[in-house]
Structure formats: C-alpha cells, structure tokens
Amino acid sequence: MRINGKPYHTIWLSEKNSSVVQVIDQRKLPFVFEILDLKTPEDCFHAIRDMAVRGAPLIGVTAAYGMYLALLCYKGEDLKNHLHERAEYLKSSRPTAVNLAYAVDVMLDLMPGNLANSYLKEISLAKVEELKTREICFSEKIGEFGLEIIEKIYHQKKKPVNILTHCNAGWLACIDWGTATAPIYKAHLKGIPVHVWVDETRPRNQGARLTAYELGQEGVSHTVIADNTGGHLMQHGMVDLVIVGSDRTTFTGDVANKIGTYLKALAAKDNGVPFYVALPSSTFDWQMEDGIAEIPIEERNPNEVAQIEGWNGNTIQQVRLIPENSPAVNYGFDVTPARLVTGLITERGICKANRESILALFPEIRNTKAQLSKNK
C-alpha cells in the first residue's frame, strides 16, 4: 500500500546493508513518518514489545528477521544453544499473538538442521522472505474472499456499505493489504462505495492513529468514532458489517483481538449485524480449544491508560488523563466467543467459527488431529 503516493511494505531488508532490517516506526504515526533500523535480535525484541511494530502477521515476520539477525550477530562456539536462547527471548516479547511463536519456531527448526551448511545465512534469509511473501499473499486472498461479502451487501442496498472496524488490522499490522482492511481496499479499488467507521481503540488509539491514517492515504471514506459509539450506530442501522482482525484464534473459533472487540460482537449480535473476523492461517492456534480459559492475555503498562499521546503542533507529547493517585489496569486483548462470530475470512475461504467448519478448510490439520487421537 502507499504513503504519500509511494508504495511500502511495513518491513524490509535494507538495500544497502543485508545485516540491517528496516521497519516503519508505528509509534510515531500519523504525525511523523520515520524508518527504524533493526540490527540485532534485541532490536527486534524491543520493536515488538514497545510496539514500533504491531499486528500479529507483522510481529511474526519481525521475529523471524530477529532469528536471522541472531545468526549474523553470533561470534561464539555453541551456535545451537545461542539460537534456542534467542528464540525464547523473542517469544517473550508479547504473549498473545500466536504468529510470533510460530515464526520463531519455523526459523529454529530450519537452522539447527543446517548448522554445518556454509549457506546457512542465505538459507535463513530466504525462509524469512518466504514467510513475508506468504503473509502478503494470505492478506490479498483474504481481501478477495471478503470482497464477496461487501459486494453482496452493496448489490442488496444500492448504497455505500458502512463497515465498522476495531483497532488496526490494516496493512500496517501486516506487510501489505492487511486482514480486516483487505476486503475494504479490494472493494474500493473495484469502485464499490464503502465507508468505514474507525473505532479510536483506546488506550493506544491504533484505530484513530493508524487505521484512519492508512485509509486516508488510500482515499477510502472513513470517520473516526469513540470506542463506545458502535452500539449506537448499529441500533440506528448505520453499520452494515463489522470486520475485525485477530491475534490468536482457537481451532474451535474463539477469537482474541484488541480489548473491546468482545463488546462490539455483543452489540452486533443484539442488532443483527454480521460480525466477521479476518485472519490468515498463521493466526490459528491448533492446540487451544477454549479461548477464554487458555489464551494468554497481555497486561500492559497502566500508564497507557493513565496517559494519552498526541501532537501539539511541534512534537508528540503525553498528557495525564486520570487523578495522580488513581490506579489503572491495562489488558491488551479480550476473547470473543465463537457463538458471536458470523464467520472467519481466511486465505482459503470463509467458514463458520466452529471446529468442524474450520478443520474442513484445513484438512491437513484435521487429519493430523484424527491420527493423534487414534494413536492415544
């Protein structure tokens, strides 16, 4: 997608130095556009933890690059032990997004098997680029399947389709296209009139700052709203469709996404508004069945709740929102039960949010689970 008319991905290898990974520093958007250099696995850890990069697909690819940099930076003797240590370190940066552990494990499985190979660096970089390309392809496929939903609504109402989003599941959260935004971009490019209600997404305001920014860059009609406005809009017939992303989805259809998603799902259910979750297969957790009981929910620094960040005309500035002595708590995610989800939009198609429908889209997982059950 584009920034000021120039196409970008959110992460790439420096053209001048193959030991430097570059990312768009999303902490400073939309006020300042700045490229951040990542030269070590520690740089990747802090970029993920401090949310210079965020969004499940992008977090995973950043961690994969972190493993590549771990290989480049190593100068000791026990390379295998070093890689395992860096893998666990990177996984600890943020607990909820399953893509993170998945990408690190892919790199770790590749590396020990090739420790004696003189082309290990080239092999590892090729695998990272493969993971990156795959996420882009997944997002575009999600866009094509989700477009069908938007087209159907448009043909029925013959008016612009109003879509509600929560947080940022756009191309900034991925590599390109996005997940929840991919169908929106596809519809816009096809000439279907769409309008997006953009939840501000407190406490970090990723909707107000990032989703609104990228939609504006692509010329997509949108309006920023306070998080609590969605239910009112739905009651008055002003929302045709809700599309959100996911940081982890169980194979039974429970969805972990940015805090507040569950409330949007409840409002959508009460008002008969379709509630879809857009996600690539890399965001499925094939081991977890009960999302509410099992998905780890990140608890972040309460200062993100107690303070708010904005632009004062010259610099990015933080101001306090709450009384000095009032405590705050900051849960980063909540879990929306499968019963509230109309459907899941994946790169393989759209399915219901239940075990049977999900595994039908992924027969290789279904067959593996069946074999494991048989062997018990």
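Just so you know, these numbers come straight off a predicted model, no measurement behind them.

*Asks:* It is not clear to me how the packing of helix H5 (residues 120–157) against helix H6 (residues 182–189) should be interpreted in this structure. Could you clarify?
*Replies:* Think of two packed helices as two axes; the pair is described by the angle between the axes and how far apart they sit. Axis separation between H5 and H6 bottoms out at 7 Å; the angle between their running directions is 65 degrees. Classified by the angle their axes make, H5 and H6 are roughly perpendicular. The handedness of the crossing between H5 and H6 comes out as right-handed. Facing H5, whose interface residues are Ser-139, Glu-140, Ile-142, Gly-143, Glu-144, Gly-146, Leu-147 and Ile-150, H6 presents Ala-182, Pro-183, Ile-184, Lys-186 and Ala-187. In terms of residue class, the contact of H5 with H6 is built from seven nonpolar, three polar and three charged.

*Asks:* How should I be thinking about the side chain of Thr-336 in this particular structure?
*Replies:* As for its placement among the helices and strands, Thr-336 is situated in strand E16 (residues 333–336). Looking at Thr-336, the relative accessible area reads 1%, which means it is buried. Reaching out from Thr-336, the side chain makes a polar contact with the backbone nitrogen of Tyr-262 at a distance of 3.5 Å. When sequence neighbours within four positions are dropped, the list of residues in contact with Thr-336 reads Gly-253, Asp-254, Val-255, Thr-261, Tyr-262, Ala-265, Phe-275 and Val-341.

*Asks:* Even after reading the chapter, I still don't get the pairing of strand E7 (residues 194–199), so can you show me in this structure?
*Replies:* A regular strand places its side chains so that they alternate between the two faces of the sheet. A large share of E7 lies buried, amounting to six of its six residues. In the sheet, strand E6 (residues 161–165) pairs with E7 via five bridges, with the strands oriented parallel. Following the sheet pairing, Leu-164 is matched in E7 by Trp-197. Between the parallel elements E7 and strand E8 (residues 221–225), the chain passes through helix H7 (residues 206–217) in a crossover that is right-handed.

*Asks:* Mind showing me how you'd approach the sheet that holds strand E9 (residues 241–244) here?
*Replies:* Taken in spatial order, the seven strands of this open sheet run E8-E7-E6-E9-E12-E17-E18, and their pairing is mixed. This sheet does not close on itself; its edge strands, each paired only once, are E8 and strand E18 (349–351). Direction aside, neighbouring strands of the sheet carry axes that sit 25 degrees apart on average. In terms of strand pairing, strand E17 (residues 343–346) meets E18 through three bridges, oriented antiparallel. From the neighbouring strand, Ile-345 faces E18, where its bridge partner is Ile-350.

*Asks:* Would you mind showing me how to read empty space enclosed by the protein here?
*Replies:* One water molecule sets the probe size; rolling that probe over the atoms shows where empty space is left. This model, assessed by the stated rule, comprises three cavities of 30 Å³ or more. Its boundaries defined by the atoms lining it, the largest cavity holds a volume of some 170 Å³. Taken together, 20 residues line the largest cavity, and the ones lying closest to its centre are Arg-54, Gly-55, Ala-56, Asn-168 and Asp-247. At the level of elements, helix H2 (56–73) and strand E11 (255–258) are the ones that each hand at least two residues to the lining of the largest cavity. Of the residues that constitute the lining of the largest cavity, the class distribution is eight nonpolar, eight polar and four charged.

*Asks:* I'm lost on the environment of Val-244 in this one. Help?
*Replies:* For Val-244, the location among the structural elements is in strand E9. Here Val-244 falls in the buried class, since its relative accessible area comes to 0%. In this structure, the C-alpha to C-alpha distance between Val-244 and Phe-31, residues 213 residues apart in sequence, is 24 Å. In this view, Val-244 contacts His-166, Ala-180, Asn-257, Thr-261, Phe-275, Tyr-276, Val-277 and Ala-278; residues no more than four positions away in its chain are not counted.

Rules behind the numbers
Residues numbered from 1 in each chain as written. Predicted model: local features only at pLDDT ≥ 70, side-chain atom pairs only at ≥ 80, totals over all residues. Heavy atoms only, no water. Axes fitted to C-alpha atoms, helices over the stretch in contact; angles between N-to-C directions. Helix = DSSP H or I, 4+ residues; strand = E, 2+ residues; numbered from the N terminus. Parallel < 35°, antiparallel > 145°, perpendicular 65-115°, else oblique. Left-handed = near helix turned anticlockwise from the far one by under 90°. Contact = heavy atoms within 4.5 Å. Nonpolar A, V, L, I, M, F, W, Y, C, P; charged D, E, K, R; others polar. Buried < 20%, exposed > 50% of the residue type's maximum accessible area, 1.4 Å probe, protein only. Polar contact = N/O pair within 3.5 Å; in protein donor to acceptor, adjacent residues only side chain to side chain. Pairing = 2+ DSSP bridges. Right-handed = clockwise from strand over helix to strand, strands pointing away. 1 Å grid on protein atoms, 1.4 Å probe; cavity = no way out; pocket = protein on both sides within 12 Å on 5 of 7 lines; lining within 4 Å. Points joined across faces, edges and corners; volume = space filled by probe spheres on them.

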